[in-house]
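Listed below are the residues making up each chain.
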Amino acid sequence: MKRNVKDLKIIFMGTPHIAMEILAFLIDSNLNITCVVTQPDRPFGRKKETIPSLVKNMALQNEIEVFQTEKIDHETIAFFKEKKPDLIILVAFGILLPNELLEIPTFGSINIHPSLLPKFRGPSPIQTALLKGESQTGISIMLMSKKMDAGPILAQKKIEVGKNENYQELEKHIIEISKDLLLDTMKQWITKKITPKTQDESKASFCEIISKRDGFIDWKQTSYQIFNQYRAFSKWPKIYSFWNDKKSKKKIIFNQIQVTSQTFPEKKPGEIFQIDNKVLIATNNGAIILKIITPEGKNEMKIQEFVNGKPHFIGSKFE
RNA sequence: CGCGGGGUGGAGCAGUCUGGCAGCUCGGCUGGCUCAUAACCAGCAGGUCGCGGGUUCAAAUCCCGCCCCCGCAA
């Protein structure tokens, strides 16, 4: 039986940025990554350029074999069996894996999930923690089972969430902590020093996949609800609202906002007004301060610059 | 050939339809007011109107070609 993590034949599975960071760490730790499995390259951007995923690039740079698939079929299973892996490590792969695949490696299949399971099972745990204004979240390392994010837990670590922390910042924090936690957990797991703990199903909660529409602002929310939405979706899709500029309706993305503790009872939600050189928008219980925006068809700009060109913005209203 | 918006002094915009003196807000500079100021007053500088060609007495504006930026879609 292998007792050193460096002897393990590992298959790494994952697709987005967070997966790429963990993969880079595993490579730097001199682990034996036999193969990297990631989702197919997708057309990206206005010109529909097909850009390889971050994980694929990382693997190719290190001369690691890449297998791309968007479904687990017989071909995929056969490929895995042929590789005879000792361990699968999966970070945000995006596809549910069947038992038949999970059971192939000697030491099973390990998943990093950025929440304190059984809380926030599903595809958007980081965003959901921010959106709900959690002051604490965490990382769970677990064995995968047939059901999404429901497998027994090998290790967990709590992380404090700053009041103003946004998605990128929290993700970075989580990645840093995940690295050592993952390596330690792997070492302990293969030397049988950990007993997996079954999750308490009665405490399970779920989060949904994020869609563009989740960035749409309902001005009838409280200032802090909107601010949490801003933090949660700061990487994508960003928060936005629609504004009638004379004839056409324009989407405006809010790149940087702040909350104010002042209240403005005479203002209705969505109303735009100016106080002390600050541009504010009324919410259900107060207002948020606009700093930087991207109007549809325009480049990112400071709010004051936008107001210079469109003074009628002040006094108008968001939908 | 995916759909749409845009490129005008340093920044943000109007002007283009209907061709005829380069305009607005902000910033910069100079002077004034003020105990003082990011406030106020007076003045000044700063532009190949994205690039190339065409039409015209005359083009930011009309016609043709190209480049770049952004939103949607995927």
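About the criteria used
- Residues numbered from 1 in each chain as written.
- Chains lettered and ligands numbered in written order.
- Predicted model: local features only at pLDDT ≥ 70, side-chain atom pairs only at ≥ 80, totals over all residues.
- Heavy atoms only, no water.
- Core = buried A, V, L, I, M, F, W, Y, C linked by side-chain atoms within 4.5 Å.
- Buried < 20%, exposed > 50% of the residue type's maximum accessible area, 1.4 Å probe, protein only.
- Contact = heavy atoms within 4.5 Å.
- Pairing = 2+ DSSP bridges.
- Helix = DSSP H or I, 4+ residues; strand = E, 2+ residues; numbered from the N terminus.
- Axes fitted to C-alpha atoms, helices over the stretch in contact; angles between N-to-C directions.
- Salt bridge = Lys/Arg side-chain N within 4 Å of Asp/Glu carboxyl O.
- pLDDT = per-residue confidence, 0-100.
- Polar contact = N/O pair within 3.5 Å; in protein donor to acceptor, adjacent residues only side chain to side chain.

## Considering the nonpolar core
Item 1. By size, the foremost hydrophobic cluster in this structure holds 49 residues, and its most contacted members are F12, L26, I33, I110, L182 and M186.
Item 2. Once residues within four sequence positions are removed from consideration, L182 is found in contact with I22, L26, I89, I110, I112 and I141.
Item 3. By size, the runner-up hydrophobic cluster in this structure holds 22 residues, among which are I217, I257, I272 and V279.

## Quick look at the sheet that holds strand 6 (residues 87–91)
Item 1. Read across the sheet, 7 strands follow the order 5-2-1-6-7-8-9 without closing on themselves; strand pairing throughout is mixed. Either end of the sheet is taken by a strand with one partner, and the two such strands are strand 5 (65–68) and strand 9 (153–160). Looking at each pair of strands side by side, their axes are set apart by 20° on average, direction ignored.
Item 2. Bridge count between strand 2 (residues 33–38) and strand 5: 4 bridges; the pairing is parallel. Paired with C35 across the strands is E65, a residue of strand 5.
Item 3. Across the sheet, helix 3 (residues 74–83) touches strand 1 (10–14), strand 2, strand 5 and strand 6, and the angle it forms with strand 5 is around 155°.

## A look at the pattern of salt bridges
Item 1. Inspection of the entire model under this criterion finds 11 salt bridges.
Item 2. We note a salt bridge from E65 to K83, for which the minimum N-O separation is 2.5 Å. Taken together, the positions of E65 in strand 5 and K83 in helix 3 put the pair 18 residues apart, joining distant regions of the chain.
Item 3. Under the relative-accessibility criterion, K83 is labelled buried at 15%.
Item 4. Between R121 and E201 there is a salt bridge whose closest N-O contact spans 2.9 Å.

## Overview of the confidence of the model for chain A
Regions with low pLDDT should not have their predicted coordinates read in detail.
Item 1. Averaged over all residues, the pLDDT of chain A equals 93, while 98% of them reach at least 70.
Item 2. In the predicted assembly, ipTM is 0.90 and pTM is 0.91.

## A short note on the side chain of S140
Item 1. Tracing the sequence through the fold places S140 in strand 8 (residues 136–143).
Item 2. Residue classification places S140 among the buried residues on the basis of a relative accessible area of 0%.
Item 3. Engagement of the side chain of S140 in a polar contact is seen with the backbone oxygen of S115, the distance being 2.6 Å.
Item 4. If sequence neighbours within four positions are ignored, S140 has contacts with N111, I112, H113, S115, L116, L117, A155 and Q156.

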